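Listed below, chain by chain, are the residues.
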Amino acid sequence: MADYEIPKVTGETGKLAVPAVEHDTMKGTGPWISKPHFQKEMHFPTDFEQIGGTTKYTLVDNWKERALDKLDDLRTRYRSLQVYLDICVKCGACTDKCHYFIGTADAKNMPVARQDLLRKVYRRYFTFAGKYFPKLVGAVDLTEDVVDDWYNYYHQCSQCRRCSVFCPYGIDTAEISMAAREILDHIGRGQKYCTEIMGKVHKIGNNLGLPQAALADTLEGLEEDVEWETGAKVKFPLDKKGADILLITPSADFFAEPHVDGLMGYAKVFHQAGLDWTLSSYASEGANFGMFIGSYENMRRIALRIRKAAQDLGVKRIVFGECGHAWRVAYSFLNTLAGPFDFLDPKYPVPQHVLEITWPLLQAGKLNIDKTRNDDKTLTFHDSCNIARGTRMGDKPGGQFDIPRNVIKAVCNNYVDMNQDTTHDATFCCGGGGGILTDDLMEIRVKGAAPRMEALKNVTENQGVTHMAAICAICKSQFTKVIPYYGFTMDQIVSVHQLVSNALILEGQLEYEKIERDEDDFY
Amino acid sequence: MILGTVFGVLFWVATLVLVLGIANKVRIYWKTPAPLKIPTMPAPVTQRGVVWRMFKEVVFFQSLFRASKPTWLFAFVFHMSLWLVLFRHVRYFQDPVSSIVLFMQPFGKYAGFAMILGLAGLLIRRIVVDRVRYISAPSDFLMLVLLIGIGATGLMTKFVVHTDVLQVKEFFRGLMLFNWQPLPSDPILLIHLASVAFLMLIFPISKLLHAPGIFFSPSRNQVDNPREQRHLAPWAADLEAQGKIYPDDK
Ligand code: HEM
Ligand code: HEM
Ligand code: SF4
Ligand code: SF4
């Protein structure tokens, strides 16, 4: 299936052994490079060009000076960067924590080694020891080789922050890799996938470039599907002025499997609870790739769309659908980037997660649930890295772990957790987060999924698990694509609200099914 | 008296570098904005909770404990012994010596051995574990060697080749009160002192910055409250006030 070796997973323990260090197993040219044309839209420099007849690009003029200037600029604007570059003691606690290292054994995929790619340059140009004793402290000159390593290895980091959990100082490699990508963007090494997608959001409103008419069409199709299945007229409103709730969801929810089943789940919940909601064609995207490239400005520009949509539609609350990094940007950054949201109803947090709506409704018994409808499955739950380590749900720390599990257990009879070293805040990334979810990075995606695959295999073999639920559009897309490499099938990945949708009996639905049964009897 | 002058000047300079160097770094960390909330979740939702989280990190190395038990053990033994040893050393600078320092003397005496054991464990790990070896620069090994050297010379002075500790005290009290006194010229003691001065000199320009730095780590020192409060960095507020998205907007 591939011209590289797929990591072996046995399912014996649910946790892969730490590999012996190897060198340059994942050295390469990195993902496809963004053209000047796309960089321009992001306000990044454009004075670089394709080298005739190749897929290579030059760097910008004076790239070295400009890279160092950017590094200097960022370290005075981000305390995280300055502190993290200084204080790592090389204790090695993080070295075996990254799924990409476990899956590839490449030394430069150890979190601290990944940080060091930038730290060595920082030391060389900005610290006394590095200026005068570079060899002693491992400082290096900034050369094109170093830039190539940056580009390659900072795109083998999904910014999942697992390393940060285990570092005694919480050093967060994600912060370093975001800063590195921001520097790269300023010297002509933007990543095509991220910049192209952001261009579409800036221009059309979502990652897919799905215009208003197509979106309206899709939603109408979904209404028909739900009615066909349940007999209930569940609406998927678009641009409905004066609705109470603006739902912001990743655009994959509009068409991809199993995402779309999740979207149907949210719609059914809103319908059943009598909530007045709408989607926006102007802000028809929950994803915000600005975070991945460490660009405050681009992240804010995308976030401001949501504010504008909420104001234009006159809604009272903003609710986010199932997406990991989107929820991180929403929960942790939205208020800062695009607030204050004083024009919304102060009774509700801004923003809310759709699970923060579904769970209280389930608790209050407001949803008519028939758990047996999920009896064909035994579930486990994949904690998405961004949700687990970058956000919260509900009002208690750890709600991001409990609420999704509670919801699953409220709608399914069979639930099992995976190895505890791979769940909650120790969860392993799916392998496709942080702007890695692109076909030109398939090898690292497949290898990076190995720790999760091992944990999954462990529960499928020993505890009869048949399906893994996720609450992130990237996780869902990544898993459906890579799990076949490990002997699973695509349909084993489900949305949490898909499970809710399966078990939720809408008003009027019973009758319809009865009709169907009557018809069966008749024939 | 030449010896006393050389070491006197050395310690004065080292102390200034240490204090001003750390103060400067702390000033930089302090004034550098943290534009977005990035605590590693789950994080405390109150400031008191953050103090407790930080306390567990600084005193018990909680995250390290989760990460690697051997590293934690060596690191914990080394650091705790270091504090005891340093505490015991207060007697060279204080007159009269306070009762708590006196009380700790017997514990501190043996802490020197534990400190060296811990350091040796860390050094062996650095050599033996391939991952840790890969990430080590020469300075990472030398830092451990330096500390082991300081500990070993200190212990030798204590248990093998005694020195006139009262005179040492006179010397350091003298330094503090601008009243120059002679220093015993035992070579082991001089190595001990020279190494300590060197450690003080490199403190603000090395990874030893982890000691003040940990308190500034945004992933550990932030309250989880971004939905309730905005956290605008001054440079972000500037952009907002000018109605700009990008700094180069007209
Ligand atoms: C607030 C005070 C401090 C805290 C919380 C702290 C914490 C830590 C932690 C968690 C580690 C990582 C584990 C390890 O590799 O040992 C470490 C390493 C280290 N610390 Fe500290 N430390 C503090 C003060 C100091 C001081 C004052 C010194 C030196 C005189 C020091 C010297 C070192 C050294 C040399 C290492 C690296 C050990 C190695 O090479 O593995 N620390 N510290
Ligand atoms: C200005 C600073 C320092 C001075 C004046 C100093 C002086 C001394 C003296 C005179 C002794 C011998 C004690 C005796 O014979 O009873 C000693 C012991 C020792 N020193 Fe230091 N020292 C200093 C800093 C340090 C530092 C920073 C460390 C550790 C990193 C250290 C570690 C030790 C150890 C482990 C011993 C042996 C155990 C003990 O007596 O506590 N010293 N020191
Ligand atoms: S943030 Fe995640 S992907 Fe990046 S180095 Fe850390 S563990 Fe690896
Ligand atoms: S755990 Fe933290 S301090 Fe230790 S090597 Fe990794 S990044 Fe550095």
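Below you will find a few notes about this structure. (Residues numbered from 1 in each chain as written. Chains lettered and ligands numbered in written order. Predicted model: local features only at pLDDT ≥ 70, side-chain atom pairs only at ≥ 80, totals over all residues. Heavy atoms only, no water.)

Residue and element names in this part refer to chain A. Spatially, β2-β1-β3-β4 is the arrangement adopted by the four strands of the open sheet, whose pairing is parallel. Each edge of the open sheet is held by one strand with a lone partner, namely β2 (277-278) and β4 (352-353). Relative to β2, strand β1 (residues 245-248) is paired through two bridges, and the arrangement is parallel. When the sheet's bridge partners are listed, Leu246 is paired in β2 with Thr278. Packing of helix α15 (residues 324-338) onto the sheet brings it into contact with β3 (317-320) and β4, and relative to β3 it is tilted by some 145°. (Pairing = 2+ DSSP bridges. Helix = DSSP H or I, 4+ residues; strand = E, 2+ residues; numbered from the N terminus. Contact = heavy atoms within 4.5 Å. Axes fitted to C-alpha atoms, helices over the stretch in contact; angles between N-to-C directions.)

Attention now goes to the coordination of the iron atom of ligand 1. All names here are of chain B. Around the iron atom of ligand 1, the protein contributes the donor atoms His79 (NE2) and His210 (NE2), at 1.9 to 2.0 Å from the metal centre. In this structure, the iron atom of ligand 1 is surrounded by six donor atoms whose angles at the metal cover 86 to 179°, and the resulting shape is octahedral. Here the residue His79 occupies a position in helix α4 (residues 69-88), and His210 occupies one in helix α10 (residues 210-213), the gap between them amounting to 131 residues. Classification of His79 by relative accessible area gives buried; the value is 18%. (Donors = N, O, S within 2.8 Å, 3.2 Å for Na, K, Ca; no water. Tetrahedral: all angles 85-135°; square planar, octahedral: opposite > 155°, others 65-115°. Buried < 20%, exposed > 50% of the residue type's maximum accessible area, 1.4 Å probe, protein only.)

Residues and elements named next belong to chain A. In β3, alternate side chains face the same way, and those of Arg317 and Val319 on one face and Ile318 and Phe320 on the other are all buried. Strand direction decides the pairing type here: β1 and β3, joined by four bridges, are parallel. Along β3, the bridge assignment pairs Leu247 with Val319. Pairing analysis gives two bridges linking β3 to β4, with the strands arranged parallel. Counted as the bridge partner of Phe320 is His353 from β4. Note that the unit made of β3, α15 and β4 has a crossover that is right-handed. (Right-handed = clockwise from strand over helix to strand, strands pointing away.)

Further remarks concern the packing of helix α18 (residues 399-411) of chain A against helix α22 (residues 496-503) of chain A. Residues and elements named next belong to chain A. Between α18 and α22, the shortest axis-to-axis distance is 9 Å and the interhelical angle comes to 25°. In terms of orientation, α18 lies roughly parallel with respect to α22. Seen along the crossing, α18 lies across α22 with a hand that is left-handed. Of the residues in α22, those touching α18 at Val407, Ile408 and Val411 are Val496, Leu499, Val500 and Ala503. (Parallel < 35°, antiparallel > 145°, perpendicular 65-115°, else oblique. Left-handed = near helix turned anticlockwise from the far one by under 90°.)

All names here are of chain A. Pairing is parallel in the open sheet, where three strands are placed in the order β5-β6-β7. If you trace the sheet from one side to the other, it starts and ends with β5 (379-381) and β7 (493-495), each paired once. Strand-to-strand twist across the sheet, computed as the mean angle between neighbouring axes with direction ignored, equals 40°. Two elements, strand β6 (residues 467-470) and β7, share three bridges in a ladder whose sense is parallel. Across the sheet, residue Ala470 finds its bridge partner in β7, namely Ser495.

For ligand 1, the set of nearby residues contains 22 residues, the closest of which are Tyr169 of chain A together with Ala75, His79, Arg126 and His210 of chain B. Surrounding ligand 1 is a set of residues that belongs to chains A and B. Within the side chain of Tyr169 of chain A, one N or O atom sits 3.3 Å away from a nitrogen atom of ligand 1. Take His79 of chain B: an N or O atom from its side chain is 2.6 Å from a nitrogen atom of ligand 1. Secondary structure elements with two or more residues in the shell around ligand 1: α4, α5 (99-128), α7 (138-159) and α10 of chain B. (Near = heavy atom within 4 Å. Polar contact = N/O pair within 3.5 Å; in protein donor to acceptor, adjacent residues only side chain to side chain.)

Take Gly213 of chain B: it is sitting in helix α10. Placed 187 residues apart in sequence, Gly213 of chain B and Val26 of chain B show a C-alpha to C-alpha distance of 7.7 Å. Excluding its chain neighbours within four sequence positions, the residues that come into contact with Gly213 of chain B are Val83 and Ile87 of chain A together with Tyr29 of chain B.

Working reference: metal with six octahedral donors, ideal angles 90 or 180 degrees; metal with four tetrahedral donors, ideal angle 109.5 degrees. Residues and elements named next belong to chain B. Ligation of the iron atom of ligand 2 by protein atoms is provided by His89 (NE2) and His192 (NE2), these donors lying 2.0 to 2.1 Å from the ion. Of note is the iron atom of ligand 2, whose six donor atoms meet at the metal with angles of 86 to 179° in an arrangement that counts as octahedral. Highlighted residues: His89 in the loop between α4 and α5 and His192 in helix α9 (residues 187-202), separated in sequence by 103 residues. A residue is classified by how much of its surface remains accessible, and His192, at 11% relative accessible area, is buried.

Residue and element names in this part refer to chain A. Around ligand 3, a shell composed of 13 residues is seen, among which Cys98, Cys157, Cys160, Arg161 and Cys163 lie nearest. For the shell around ligand 3, the elements supplying multiple residues, two or more each, are α4 (99-104), α5 (111-126) and α9 (162-166). When the residues that make up the shell around ligand 3 are grouped by side-chain class, the tally is six nonpolar, four polar and three charged. (Nonpolar A, V, L, I, M, F, W, Y, C, P; charged D, E, K, R; others polar.)

This part covers unusual backbone geometry. All names here are of chain A. For the bond running from Gly339 to Pro340, omega is -5°, close enough to zero to count as cis. In this structure, Pro340 sits in the loop between α15 and β4. Positioned with a positive phi, Lys90 is a non-glycine residue whose angle comes to about 60°. Tracing the sequence through the fold places Lys90 in the loop between α3 (79-87) and α4. On the accessibility criterion, Lys90 (4% relative accessible area) is buried.

Further remarks concern the environment of Pro397 of chain A. Summarising the element assignment, Pro397 of chain A is placed in the loop between α17 (385-390) and α18. The exposure class assigned to Pro397 of chain A is partly exposed, which follows from its relative accessible area of 41%. Ignoring anything within four residues of it in the chain, the contact list for Pro397 of chain A reads Arg392 of chain A together with Pro42, Ala43 and Val45 of chain B.

Bringing the nonpolar core into the picture now. Judged by nonpolar contacts, the single largest core of 200 residues is most densely connected at Trp150 and Phe236 of chain A. The leading source of residues in this core is α15 of chain A, at nine residues. Structurally, this core is a two-domain feature, drawing no fewer than three residues from each of domain 1 (36-190) and domain 2 (198-503) of chain A. Setting aside residues up to four positions removed in sequence, Trp150 of chain A forms contacts with Leu117, Leu118, Val121, Leu142, His155, Ile183 and Leu184 of chain A. Counting residues in hydrophobic clusters, the runner-up holds 35 residues, among them Phe7, Met115, Val168 and Ile202 of chain B. (Core = buried A, V, L, I, M, F, W, Y, C linked by side-chain atoms within 4.5 Å. Domains from an automatic or database assignment.)

Glancing now at the packing of helix α2 (residues 63-77) of chain A against α5 of chain A. Residues and elements named next belong to chain A. Relative to each other, α2 and α5 sit at 95°, their axes nearing to 11 Å. When the axis of α2 is compared with that of α5, the two are roughly perpendicular. Across from Lys64, Leu68, Leu71, Asp72 and Arg75 in α2, the residues of α5 making contact are Leu118, Val121, Tyr122, Tyr125 and Phe126. Looking at the contact of α2 with α5 residue by residue, the classes come out as seven nonpolar, no polar and three charged.

A common way to report how large an interface is uses the accessible area buried once the components associate. The partner chain B presents 66 residues to the 87 residues of chain A that form the contact. Here chain A packs against chain B, burying approximately 6100 Å² in sum over the two surfaces, 58% of which is carbon and sulfur. Of all residues in chain A, His43, Arg79 and Thr336 of chain A give up the largest surface area on contact with chain B, accounting jointly for 12% of the area buried on that side. Linking chain A to chain B there are five salt bridges. The closest approach of N and O atoms between Arg66 of chain B and Asp425 of chain A, which form a salt bridge, is 2.9 Å. Taken together, chain A and chain B are joined by 40 residue pairs in polar contact (both at pLDDT 80 or more). Among the elements that line the side of chain A that touches chain B, the one with the most residues is α15 of chain A, at nine residues. Residues belonging to the side of chain A that touches chain B are distributed by class as follows: 44 nonpolar, 22 polar and 21 charged. (Buried area = accessible area lost by both parts, 1.4 Å probe. Salt bridge = Lys/Arg side-chain N within 4 Å of Asp/Glu carboxyl O.)

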